[in-house]
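Fold and geometry: a report
Given next are the chains, with one letter for each unit.
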Amino acid sequence: MTELLPINTSPLPVRLRVEDYLLLDASGAFDDYAKTELIEGKIVGMNAQHRPHGMLKMEMYDRLREALLAMRSPLRPVIEFGLALSPDTLTEPDLLLTSEPSGDGFVPLASVALVIEVSDTSLDFDLGAKTALYARHGIPEYWVADVNAKLIHQMWAPNGENYAERRKISFGAAITAQTIAGLSLEPE
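Being a predicted model, the structure only gives us computed values, none of them experimental.

**Some details on the packing of aromatic side chains**
On inspection of all chains with the given rule, the structure shows 3 aromatic pairs. Three or more aromatic residues link up through ring pairs in this structure, and these residues are Tyr134, Tyr142 and Tyr163.

**Regarding the pairing of strand E7 (residues 112-119)**
Within E7, 8 of the 8 residues are buried, which leaves it mostly tucked inside the rest of the structure. Sheet analysis places strand E6 (residues 95-98) next to E7, joined by 4 bridges and oriented antiparallel. When the sheet's bridge partners are listed, Leu97 is paired in E7 with Leu114. The sheet contact formed by E7 and strand E8 (residues 141-146) spans 5 bridges and is parallel. Following the sheet pairing, Val118 is matched in E8 by Ala145.

**Some remarks on the environment of Met46**
Within the fold, Met46 resides in strand E2 (residues 42-46). Sequence spacing of Met46 and Arg136 is 90 residues, and the spatial spacing of their C-alpha atoms is 21 Å. Among all residues touching Met46, those that are not within four sequence positions of it are Ala34, Lys35, Thr36, Glu37, Phe125 and Lys130.

**Focus on the nonpolar core**
Taken as a class, soluble globular proteins show a tendency for nonpolar side chains to be buried jointly. One finds Met60, Leu64, Leu97, Ile116, Trp143, Ile180 and Leu183 to be the most contacted residues of the largest nonpolar core, which totals 22 residues. Counting residues per element, the ones that place at least two in this core are helix H2 (51-71), E6, E7 and E8. With 5 residues, H2 is the largest single contributor of residues to this core. When sequence neighbours within four positions are dropped, the list of residues in contact with Leu183 reads Leu64, Ala67, Leu68, Met71, Leu97, Ile175, Thr176 and Ala177. Core analysis: the second largest hydrophobic core is formed by 17 residues, Val115, Leu123, Leu133 and Ile139 among them.

Conventions adopted
Residues numbered from 1 in each chain as written. Predicted model: local features only at pLDDT ≥ 70, side-chain atom pairs only at ≥ 80, totals over all residues. Heavy atoms only, no water. Phe/Tyr/Trp six-rings, centres within 6.5 Å; stacked < 30°, edge-to-face > 60°. Buried < 20%, exposed > 50% of the residue type's maximum accessible area, 1.4 Å probe, protein only. Helix = DSSP H or I, 4+ residues; strand = E, 2+ residues; numbered from the N terminus. Pairing = 2+ DSSP bridges. Contact = heavy atoms within 4.5 Å. Core = buried A, V, L, I, M, F, W, Y, C linked by side-chain atoms within 4.5 Å.

Next comes the structure, spelled out in structure tokens:
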């Protein structure tokens, strides 16, 4: 006689794939939300951006663009471009530096040199879940600009779900990228 195995009747979460998420988005499912991202199969609603957040993001973009052009770097800063890290994760970082800003689809993961998140209300998420996510997927360097504390958490050398190297830089101080030769943002 064959023994029957017990059936698991507890609810199981469904992990969405990027293509599922995009279909839902195209159908208007997220129209009532300011912005969403797909993080490891889960839809995450992002907070609306206030002026300090938006102004800091624009200032960082301008300074990065000027520095990269002066260096004649093939990297370009982009604002809120989709970055598919895996089949179930699609983020839209505030800024990222890529060698492939043009083309169809999302920014290729292999082209990304630096990801920057600007945080005011999302600091714990950006320093926790997003740090683990970006490190796990090999983003070489990650900065979190903390609007409230007026400092940048700079991380590099991804190692598993974290970064082996990190430091904090106060707003107004020079910050030098650790993985992009010659890239430094000097105080104005």
